[in-house]
Amino acid sequence: MTTRVAILISGGGSNMVRLIESMAADDHPGRPVIVISNRPDAAGLGKARALGVETAVLDHRTFGKDRAGFETALAEILAAHAADIICLAGFMRVLGPEFVMKYQGRILNIHPSLLPKYKGLDTHARAIQAGDAHAGCSVHIVTPALDDGPVLGQASVPILPGDTPDVLASRVLAAEHQLYPQVLRDYLTARANEQ
Ligand code: GAR
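What you see is a predicted model; the values in this text were computed from it and never measured. In this convention, every chain numbers its residues from 1, walking through the sequence in written order. At least 70 in pLDDT is required for a residue's local features to be given in this predicted model, at least 80 for side-chain atom pairs to be given and counted, and no such filter applies to totals for whole chains, interfaces and linings, which use all residues. Side-chain descriptors were evaluated using all non-hydrogen atoms of the structure, hydrogens and water having been removed beforehand.

Each salt bridge in this description consists of a side-chain nitrogen of Lys or Arg and a carboxyl oxygen of Asp or Glu lying within 4 Å of one another. Counted by the stated rule, this structure contains seven salt bridges. Linking Arg 185 and Asp 27 is a salt bridge whose minimum nitrogen-to-oxygen distance equals 3.0 Å. Within this pair, whereas Arg 185 is found in helix H6 (residues 165-194), its partner Asp 27 is found in the loop between helix H1 (14-22) and strand S2 (30-37), the two being separated by 158 residues in sequence. For Arg 171, the salt bridge identified is with Asp 163, shortest N-O distance 2.6 Å. Only DSSP runs of H or I with at least four residues qualify as helices, and only runs of E with at least two residues qualify as strands; both kinds are numbered from the N terminus onward.

Spelled out as structure tokens, the structure:
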């Protein structure tokens, strides 16, 4: 039985595209069932549709400060598509503890730093500022604490003289595109073997 994967995005969705493409392999344990964006203008929405994956928009702004309302609506979309696991792929909203615990151990996130370093935003500028020799990315299980859950895999890239945050971001993003599909496959394979 294949695992039904929902992917949540907020922007360009390049990681989402790599995840969808990876799941096209015949022997892959997962398949993408829905891509959900909290931003109606996310460029990733069109890319998902072009790859034949259904999309939904859940605009967080229409919920104002009602995070519980947003997350209830999100859970309804996920349930309607019988999603087993959720991949956050450039999803720039923090999910509350109630939502996270509902999907405990079943939400993956990619974060553009070598966790536990640089949780939160502006990771590349902070790594350059600190004089680090390496930057990178981490895929981890989402827990209620921000960017804090168990790390499933990491990839490292050098920080080169003269790097700007944008230059470093694109080097890290290329590493993300390799890492996330591999970690998802390994995670789903291990999960299938447990069941
Ligand atoms: C990626 O670099 C991802 O690691 C980061 O947003 C970018 C999304 O790019 N995510 C976070 O910062 C989450 N805190 P993409 O939309 O092209 O995949």
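If DSSP finds at least two bridges between two strands, the strands pair. Taken in spatial order, the seven strands of this open sheet run S3-S2-S1-S4-S5-S6-S7, and their pairing is mixed. With one partner strand each, in any of the chains shown, strand S3 (55-57) and strand S7 (151-158) form the two edges of the open sheet. Strand-to-strand twist across the sheet, computed as the mean angle between neighbouring axes with direction ignored, equals 20 degrees. Sheet topology places strand S1 (residues 3-9) next to S2; seven bridges connect them, and they run parallel. The partner of Arg 4 across the bridge, within S2, is Arg 31. By definition, residues are in contact when any of their heavy atoms lie within 4.5 Å. What counts as an axis is a line fitted to C-alpha atoms, over the stretch in contact for a helix, and the angles between N-to-C directions run from 0 to 180 degrees. Against the sheet, helix H3 (residues 67-80) makes contact with S1, S2, S3 and strand S4 (85-88), and its axis sits at roughly 150 degrees relative to S2, the strand it touches most. Here H6 sits on the sheet and contacts S1, S2, S4, strand S5 (107-111), strand S6 (134-141) and S7; the angle it forms with S7, its principal contact strand, is near 155 degrees.

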